[in-house]
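Here is what each chain is made of, one letter per residue.
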Amino acid sequence: MKISYYPGCTLKTKAKNLDRAAIASLEALGVEVEEIDRWNCCGAVYSLTADDLIHMVGPVRNLIRAKEQGADKLVTLCSMCYNTLARANQLMREDTVKRDTINRFMDDEIDYAGEVEVVHYLSFLEQEIGWEKLKEAVKAPLSDLKVGTYYGCTLQRPADVGIEPFGSYLLMTGMLEALGATVVPFAAADKCCGSYQVLGAEPVENSAAAAVINIAGGAGIEALATSCPLCEYNLGKQQKQLLAKEKIGAPVPTYYFTQLLALALGLEAEVCHFELNDAASLELLKSKNCLAAA
Amino acid sequence: MTLKMNAGTQSLESIQKLNELSGENVKLCMQCATCSGMCPMTAEMDYGPRRVMHMAQFGLKKQLAEINTYWKCASCHACTVKCPRGIDIAKVMEALRQQSLRTGQNKVEPSQMSAETIADLPQIAMVAGFRKLTS
Ligand code: SF4
Ligand code: SF4
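Since the structure is predicted, the reported quantities are computational estimates derived from the model, not experimental observations.

### Focus on the overall build of chain A
Logical step 1: The helix and strand inventory of chain A stands at 13 helices and eight strands.
Logical step 2: In terms of C-alpha radius of gyration, chain A reaches 19 Å, essentially the compact-globule figure of 19 Å for 294 residues.
Logical step 3: Its C-alpha atoms give chain A principal-axis dimensions of about 55 × 45 × 30 Å.
Logical step 4: Considering chain A as a whole, with its 294 residues, one finds that 60% of them fall into the buried category.
Logical step 5: Accessible area for chain A stands at about 11,000 Å²; split by element, carbon and sulfur atoms hold 51% of it.
Logical step 6: With 27 positive and 38 negative side-chain charges, chain A shows a separation of 3 Å between the mean positions of the two kinds.

Here you go:
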């Protein structure tokens, strides 16, 4: 099986750990990943004003690239890219007037009307591989690891592009359980990490991130799994500072769900690029013997 | 702060403009405060989203220009998915931001950011932040 893949800017550099582990895992599962040609930044956020069409050009251009290259599905991974691409796609499907304006504005491109389906990596795994088959492929089960499924905002909201209904965490739960981990529910799985508000704010001001970590820690979660480089930044990379300022009670290491996937599939730890995570993340996995296969 | 509402403080035109820019109808709000209960950023806001909706309904343009709510909003859509009146509050917040940004003022100054911060932040943080907080 071959899939078209949109990585997005952050996954090529600062979130290489999210991307490389994802691609290596799919390859191990027999899926060939083809990055679409000439992709550009999706714009990171979907424009919410009624009159702003210019910011649709970025995401729509990526969808056009996928259509041109014959894809009917475009798999993506970063939660923010997924949300922006899926919402722009929905606009192109449903709003005929705006669609026409955007198509006419991009007169150097083929017309687009939402022919490509934007699919998140987790949905793809469930639909095309399935949890049973994934379980069979696991070589180093993450037994003993208590994980929280941190969805954040953009995987589920708004409802019409959510990978599953608001308040339900079945996809990541299904995947993690197939990997042998114990999924511990907690009340902050869909709470915002503070998102782009990190810009211009001191990390210690991020009360939203502190709340998520405290709730997760309080529920007995040892590791948080996420799909978003901004969540990982606010909850993971900023965690030391939150701890130093006593905004959080205890650390809770953070991971991309794809890193946990790659490890359980028995892939080399190098593909997970743990050097980009906080040091505590690697330490926890070592202490739980999750790196045994590597 | 007591909100004064009279012909002098109200701008009916601003209600219409906000509705047009957001694509929402702020008058539908019934002040139940579900949005404020859902909002993860209220600790940093001087007014929660419910009170902002109230100000918007009454066209309190001047007060709306002075508060920080929409600058602290993270566009998380937690309010939107739970509003019993079906209002996309995140869109109202975006319209309030844009009304200010479109006068050419930045809320964060990219040129003031240190090289270390830029090297540290993920690209999506900067792209998203600049989209939301700069003109
Ligand atoms: S949840 Fe909706 S109806 Fe209730 S206060 Fe907020 S905007 Fe108004
Ligand atoms: S979208 Fe903004 S106002 Fe609404 S809950 Fe999130 S941060 Fe609060």
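### Notes on the overall build of chain B
Logical step 1: A tally of regular secondary structure across chain B gives eight helices and zero strands.
Logical step 2: Along its sequence from the N terminus, chain B presents helices and strands in the succession α-α-α-α-α-α-α-α.
Logical step 3: For 135 residues, the compact-globule formula gives about 14 Å, and the C-alpha radius of gyration of chain B, at 16 Å, lands near that figure.
Logical step 4: When the backbone C-alpha atoms are referred to their principal axes, chain B occupies close to 50 × 30 × 30 Å.
Logical step 5: Out of the 135 residues in chain B, the part that is buried amounts to 50%.
Logical step 6: When the accessible surface of chain B is summed, it comes to about 6,500 Å², and 51% of that surface belongs to carbon and sulfur atoms.
Logical step 7: Taking the 16 positively charged and 11 negatively charged side chains of chain B as two groups, their mean positions are separated by 8 Å.

### Description of the site of ligand 2
Logical step 1: Near ligand 2 the following residues occur: B:Cys39, B:Pro40, B:Met41, B:Cys73, B:Ala74, B:Ser75, B:Cys76, B:His77, B:Cys79 and B:Ala90.
Logical step 2: Considering only residue class, the shell around ligand 2 consists of eight nonpolar, two polar and no charged.

### Focus: the domain arrangement of chain B
Residue and element names in this part refer to chain B.
Logical step 1: Looking at chain B, the domain boundaries give domain 1 (10-103) and domain 2 (107-135).
Logical step 2: Here the C-alpha centroids of domain 1 and domain 2 sit 24 Å apart.
Logical step 3: Domain 1 puts six residues into the contact, and the matching count from domain 2 is six residues.
Logical step 4: In this assembly, domain 1 packs against domain 2 so that about 520 Å² is buried in total across both faces, 58% of it on carbon and sulfur atoms.
Logical step 5: Our enumeration of links across domain 1 and domain 2 arrives at one salt bridge.
Logical step 6: Salt-bridge contacts for glutamate 94 lead to lysine 132; the nearest nitrogen and oxygen are separated by 2.6 Å.
Logical step 7: In this structure, the connection of domain 1 to domain 2 is made through two residue pairs in polar contact (both at pLDDT 80 or more).
Logical step 8: The residue inventory of the side of domain 1 that touches domain 2, partitioned by class, reads two nonpolar, two polar and two charged.

### Structural notes on the domain arrangement of chain A
All names here are of chain A.
Logical step 1: You can read the domains of chain A as domain 1 (2-121) and domain 2 (131-287).
Logical step 2: Listed per partner, the contact involves 26 residues of domain 1 and 28 residues of domain 2.
Logical step 3: Each partner contributes to the roughly 2,200 Å² buried at the junction of domain 1 and domain 2, and carbon and sulfur atoms together form 70% of this total.
Logical step 4: On inspection of domain 1 and its partner domain 2, the count reaches zero salt bridges.
Logical step 5: Counting across the domain 1 and domain 2 interface gives twelve residue pairs in polar contact (both at pLDDT 80 or more).

Criteria and thresholds
- Residue numbers here run from 1 along each chain, matching the order of that chain's written sequence.
- Ligands are numbered from 1 and chains lettered from A, in the order in which they are written.
- Reporting of local features is limited, given that this is a predicted model, to residues whose pLDDT is at least 70; pairs of side-chain atoms are given and counted only at 80 or more, and all residues count toward the totals for whole chains, interfaces and linings.
- For the side-chain quantities, the full set of heavy atoms in the structure was used; hydrogens and water were omitted.
- Runs of H or I in DSSP of at least four residues are treated as helices and runs of E of at least two as strands, each being numbered from the N terminus.
- Here the radius of gyration uses the C-alpha set of atoms, whereas the globule reference equals 2.2 Å times the residue count to the power 0.38.
- Note on exposure labels: buried denotes an accessible area under 20% of the residue type's maximum, exposed denotes more than 50%, and partly exposed covers the range between, all computed with a 1.4 Å probe on protein chains only.
- To be clear on the numbers: accessible area is Shrake-Rupley with a 1.4 Å probe, and residue cover counts the displayed protein chains and nothing else.
- Working convention for charge: Lys and Arg count positive, Asp and Glu count negative, and His plus the chain ends are omitted.
- In this description, the location of a charge corresponds to atom NZ of lysine, CZ of arginine, CG of aspartate or CD of glutamate.
- Being near a molecule or strand, for a residue, means having at least one of its heavy atoms within 4 Å of it.
- Residues are grouped as follows: Ala, Val, Leu, Ile, Met, Phe, Trp, Tyr, Cys and Pro are nonpolar; Asp, Glu, Lys and Arg are charged; every other residue, Gly included, is polar.
- Start and end points for every domain follow an automatic or database-based domain assignment.
- Residues count as neighbours in contact if any of their non-hydrogen atoms are within 4.5 Å of one another.
- Accessible surface is computed with a 1.4 Å probe, and the buried area is the amount of it that two parts give up when combined, taken over both parts together.
- When a carboxyl oxygen of Asp or Glu is within 4 Å of a side-chain nitrogen of Lys or Arg, the pair counts as a salt bridge.
- In protein, a polar contact requires one atom able to donate a hydrogen and another able to accept it; more generally it is a pair of N or O atoms within 3.5 Å, and residues adjacent in sequence count only if both atoms are side-chain atoms.

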